[in-house]
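Architecture at a glance
One letter stands for each residue in the lines below.
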Amino acid sequence: QVQLVESGGGLVQAGGSLRLSCAASGRTFSNYAMGWFRQAPGKEREFVTATRWSGGSTYYSDSVKGRFTISRDNAKNTVYLQMNSLKPEDTAVYYCAARTDSVGYYYKSSSYDYWGQGTQVTVGS
């Protein structure tokens with residue numbers, strides 16, 4: 001089992017920045033690829049970004065490319081999501097997730113085995 005706990009959400013004005021953290025415990029964190037997803041009210045959960053176990057490969061949705069950055073520190077069992085130039089449409093609950101690397105697809109939520117409880121990000125206009 002892997003336990004994931006997100007933090008760092010909050011309210012920010014458009015154009016501002018936030019950094020989310022996801023702390024992992026349980027099984028060896030470095031064995032897992034990590035992803036961030038988000039879900040806005042009335043919408044399906046959508047892929048935001050992901051990274052392989054080493055952090056050497058990263059993937060982004062078109063909607064956040066160039067504004068968001070995923071990183072991980074395997075020594076601290078933590079993955080981060082730096083969000084810059086935030087827009088009102090970024091408002092959502094953000095979830096981190098873990099999956100066995102090289103299994104499934106990084107952009108599919110069904111490929112992930114473990115999920116955090118989510119953290120709310122609200123971007124005011």
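Attention in this report is confined to the structure presented alongside it. (Residues numbered from 1 in each chain as written. Predicted model: local features only at pLDDT ≥ 70, side-chain atom pairs only at ≥ 80, totals over all residues. Heavy atoms only, no water.)

Attention now goes to the state of the cysteines. Applying the stated criterion across every chain, the model contains 1 disulfide. With its sulfur 1.9 Å from that of its partner, C22 forms a disulfide with C96. When the S-S torsion is 45°, as for the bridge of C22 with C96, the disulfide is right-handed. Placement of C22 in strand β3 (residues 18-26) and of C96 in strand β9 (residues 92-100) is noted, with a sequence separation of 74 residues between them. Summarising the burial analysis for this pair, C22 and C96 share the class buried. (Disulfide = S-S within 2.5 Å. Helix = DSSP H or I, 4+ residues; strand = E, 2+ residues; numbered from the N terminus. Buried < 20%, exposed > 50% of the residue type's maximum accessible area, 1.4 Å probe, protein only.)

All right, on to the environment of G118 then. Tracing the chain through its elements places G118 in the loop between β10 (114-115) and β11 (119-124). Along the backbone, G118 and C96 are 22 residues apart, and their C-alpha atoms lie at a distance of 7.2 Å. Beyond its immediate stretch of four places on either side in the chain, G118 contacts E6, V93, Y94 and Y95. (Contact = heavy atoms within 4.5 Å.)

The next point concerns the environment of G104. One can find G104 in the loop between β9 and β10. Look at G104 and you get partly exposed, because its relative accessible area is 47%. In sequence terms G104 and A75 are 29 residues apart; their C-alpha atoms lie 25 Å from each other. Sequence-distant contacts of G104, defined by excluding residues within four places in its chain, comprise R99 and S111.

Ranked by size, the top nonpolar core spans 27 residues in total, and within it L4, M34, W36, F68, M83 and Y94 carry the most contacts. Going through the elements one at a time, β1 (2-7), β3, β4 (32-39), β7 (68-73), β8 (78-83), β9 and β11 are the ones with two or more residues in this core. When near neighbours in sequence (up to four residues on either side) are disregarded, F68 contacts R38, V48, Y60, L81, Q82, M83, N84, L86, D90 and Y94. Among the nonpolar cores identified, the runner-up in size contains 5 residues, and F37, A50, A97 and Y112 belong to it. (Core = buried A, V, L, I, M, F, W, Y, C linked by side-chain atoms within 4.5 Å.)

As a further point, take the pattern of salt bridges. Close approach of charged atoms allows side chains of opposite charge to pair. Scanning the model with the defined rule gives 4 salt bridges in all. Across the pair E46 and R38 runs a salt bridge whose closest N-O atoms are separated by 2.6 Å. With a closest N to O distance of 3.4 Å, D62 and K65 form a salt bridge. Because the salt bridges share partners, they merge into one network encompassing R38, E46, R67 and D90. (Salt bridge = Lys/Arg side-chain N within 4 Å of Asp/Glu carboxyl O.)

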